[in-house]
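Breakdown of the fold
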Amino acid sequence: MATAFDEIRPPSAGVIADCVHCGFCLPTCPTYSLWGEEMDSPRGRIVLMSEGLEEGSELSRTMVTHLDRCLGCMACVTACPSGVRYDELIEDARPQIERNFDRTARERLVRRLVFEAFTHPRRLRALAPAVAIGRALGLTSAARRRRGGLLARLPRLRTLLALSPPGSSEHPPQTTEARGARRGRVALLQGCVQRAFFGDVNAATARVLAAEGFEVHAPAAPRCCGALQMHAGDDEPARELARQTIAALEGHDWIVVNAAGCGSAMKDYPHLLRDDPGWAGRAERFAGRVRDVTELLAEHEPAARRGEVRLRLAYHDACHLAHAQSVRAQPRDLLRAVPGVELLEPRDWEICCGSAGIWNLVNPEPAAELGRRKARNLLDTGAEAVAAGNPGCALQIAAQTEALGRSLPVLHPVEILDMSIRAGA
């Protein structure tokens, strides 16, 4: 039967049938809020996937455009009263596009450049001098303030410059011994973007876990967990990176992640590798031991004393933490337990900031609009800083608050816990 989709893991007709088209997803969908177009809503995209399974259907440019516009934020999964697994549907639909649709040469080039750079931490670190020069010359600030000239005519370059991080020279040791009563042995995923530009977050994560009684191993492998490719439809490289990640980290009590997108992908390995007889079982067991760092800490009573950190702090829900992993209360509870922290809640917490993996690089203008909305809501809280558990969110929020004229520092929740534990020592 000829359909728009091939027979390699197409979207499930059974999962599609779970959608009753009630519309509860509409107010939470970022692209529906931007354009008000039914086909840019979750239920509209489910209709497109259903049509793609019909005999004689074709993978048209229109269908691809609306599926491409999905950020994969999974806010609809949180909102859906019927429990529709939209996350599985969109992650199965996207590889169909990459295999069966003829993208333009420009689209292919952009995606290849992103994957060849961002999933390789050594290559990212090699770019650090160029990033530093760009910041020194004021290009990063100019891009964030959306000034005219050449940058206005090159939106993807402007976005890359605006999101350029300051970098970090701090990294965790390969092994950090537990302090006090030993609670377990954990593997810390260093990641690709996180390792290259947010090594200080990895180092803080290792210190906090060790202070709470965990022996922390931070191996060099894997170089990347495959999240960026998995969420963008480049599934065979993602599957190979998933296997490498499982093989490298599965021999620990827990696998700890401090990047929401990575944690979401690793917990979804059983779906990604469901038809791989040699890895499906290992993926299931592995995923059951994956924890966001705030999730693991919340499962245990605090062992290290918390000192005061006086800070008015707005909490930002990273989509792949709040929606894809349902980790919402844990980071808030940990931060509220820090003496001196006043935790503030922005409006529309469930709406994506526009980062969404590589989405802000391939859709720079709508991503910037979503980023500005998020930044305004965070600034309106009167916060002195923002807590966010994902590197993409941190870069997006920092860029957009500066663009609005009031730059807010963005800290990972574990960095605040690290400050508190050091203050209490």
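So, a few notes on the structure that sits alongside this text. Since the structure is predicted, the reported quantities are computational estimates derived from the model, not experimental observations.

Quick look at helix α3 (residues 42-52) now. The buried count for α3 comes to eight of 11 residues, which makes it a mostly enclosed element. Regarding α3, the residues found buried are Pro42, Arg43, Gly44, Arg45, Ile46, Leu48, Met49 and Gly52. Check the buried side of α3 and you find it contacts α1 (13-17), α2 (30-35), α4 (61-68), α5 (75-79) and α6 (86-100).

Under the 1.5 Å per step criterion, the end-to-end length of helix α24 (residues 364-380) is 24 Å for 17 residues, consistent within 8% with the ideal 24 Å. Buried within α24 we find Pro364, Pro366, Ala367, Ala368, Leu370, Gly371, Arg372, Lys374, Ala375, Asn377, Leu378 and Leu379.

With parallel pairing, the four strands of this open sheet are ordered in space as β7-β6-β8-β9. If you trace the sheet from one side to the other, it starts and ends with β7 (341-344) and β9 (410-411), each paired once.

Turning to its location among the elements, Gln396 is positioned in helix α25 (residues 391-403). Judged by its relative accessible area of 3%, Gln396 is buried. Engagement of the side chain of Gln396 in a polar contact is seen with the backbone oxygen of Ala367, the distance being 3.0 Å.

Looking now at the state of the cysteines. Per the stated rule, a full pass over the model turns up zero disulfides. Considering cysteine sulfurs only, Cys73 is the nearest to Cys70, which forms no disulfide, with 6.7 Å between them. Judged by its relative accessible area of 6%, Cys70 is buried. Just so you know, Cys224 is unpaired, no disulfide at all, and the nearest cysteine sulfur is the one on Cys192, 3.8 Å from it.

Let's shift gears to the sheet that holds strand β1 (residues 175-176). If you walk across this open sheet you meet the five strands as β1-β3-β2-β4-β5, and the pairing is mixed. Two strands close off the open sheet at either side, each with one partner strand: β1 and β5 (290-292). With three bridges joining them, strand β2 (residues 184-188) and strand β4 (residues 254-257) adopt parallel strand pairing. From the neighbouring strand, Ala187 faces β4, where its bridge partner is Ile255.

Moving on, we come to the environment of Gly382. Mapped onto the elements, Gly382 comes out in the loop between α24 and β8 (385-388). Since its relative accessible area comes to 31%, Gly382 is described here as partly exposed. Residues Gly382 and Val338 lie 44 residues apart in sequence; the distance between their C-alpha atoms is 19 Å. In this structure, Gly382 is in contact with Arg312, Leu344 and Arg406, ignoring residues within four places of it in sequence.

We now examine the pattern of salt bridges. If charged atoms from side chains of opposite charge come close, those side chains can pair. As enumerated under the stated definition, the model contains 40 salt bridges in all. Here Arg182 ties to Glu215 by a salt bridge, and the two come within 3.3 Å at their closest N and O atoms. Linking Arg182 in the loop between β1 and β2 with Glu215 in strand β3 (residues 214-217), this pair joins segments that are 33 residues apart in sequence. A salt bridge links Arg282 to Glu250; the nearest nitrogen and oxygen atoms lie 2.4 Å apart. Pair noted here: Arg282 is in helix α19 (residues 280-287) and Glu250 is in the loop between α16 (235-249) and β4, with a separation of 32 residues, a long-range link. Note on Glu250: relative accessible area 24%, which makes it partly exposed. Salt bridges linked by common partners bring Asp6, Arg9, Arg99, Asp235, Glu236, Arg239 and Asp275 together as one network.

This part covers the nonpolar core. Across soluble globular proteins, nonpolar side chains show a tendency to be buried alongside one another. In this structure, Val186, Leu209 and Leu313 are the most contacted members of the largest nonpolar core, which totals 60 residues. In terms of residues, this core owes the most to one element, helix α14 (residues 199-211), which gives six residues. Residues Phe5, Met63, Val84 and Tyr86 belong to the second largest nonpolar core, which totals 25 residues.

What follows deals with empty space enclosed by the protein. Per the counting criterion, the structure on display carries five cavities of 30 Å³ or more. Each pocket or cavity is described by its volume, and for the largest cavity that value is around 150 Å³. The wall of the largest cavity is formed by 18 residues, among which Cys19, Cys25, Ile46, Cys80 and Val84 lie closest to the centre. Going through the elements one at a time, α3 and α5 are the ones with two or more residues in the lining of the largest cavity.

Rules behind the numbers
Residues numbered from 1 in each chain as written. Predicted model: local features only at pLDDT ≥ 70, side-chain atom pairs only at ≥ 80, totals over all residues. Heavy atoms only, no water. Buried < 20%, exposed > 50% of the residue type's maximum accessible area, 1.4 Å probe, protein only. Helix = DSSP H or I, 4+ residues; strand = E, 2+ residues; numbered from the N terminus. Contact = heavy atoms within 4.5 Å. Expected span 1.5 Å × (residues − 1). Pairing = 2+ DSSP bridges. Polar contact = N/O pair within 3.5 Å; in protein donor to acceptor, adjacent residues only side chain to side chain. Disulfide = S-S within 2.5 Å. Salt bridge = Lys/Arg side-chain N within 4 Å of Asp/Glu carboxyl O. Core = buried A, V, L, I, M, F, W, Y, C linked by side-chain atoms within 4.5 Å. 1 Å grid on protein atoms, 1.4 Å probe; cavity = no way out; pocket = protein on both sides within 12 Å on 5 of 7 lines; lining within 4 Å. Points joined across faces, edges and corners; volume = space filled by probe spheres on them.

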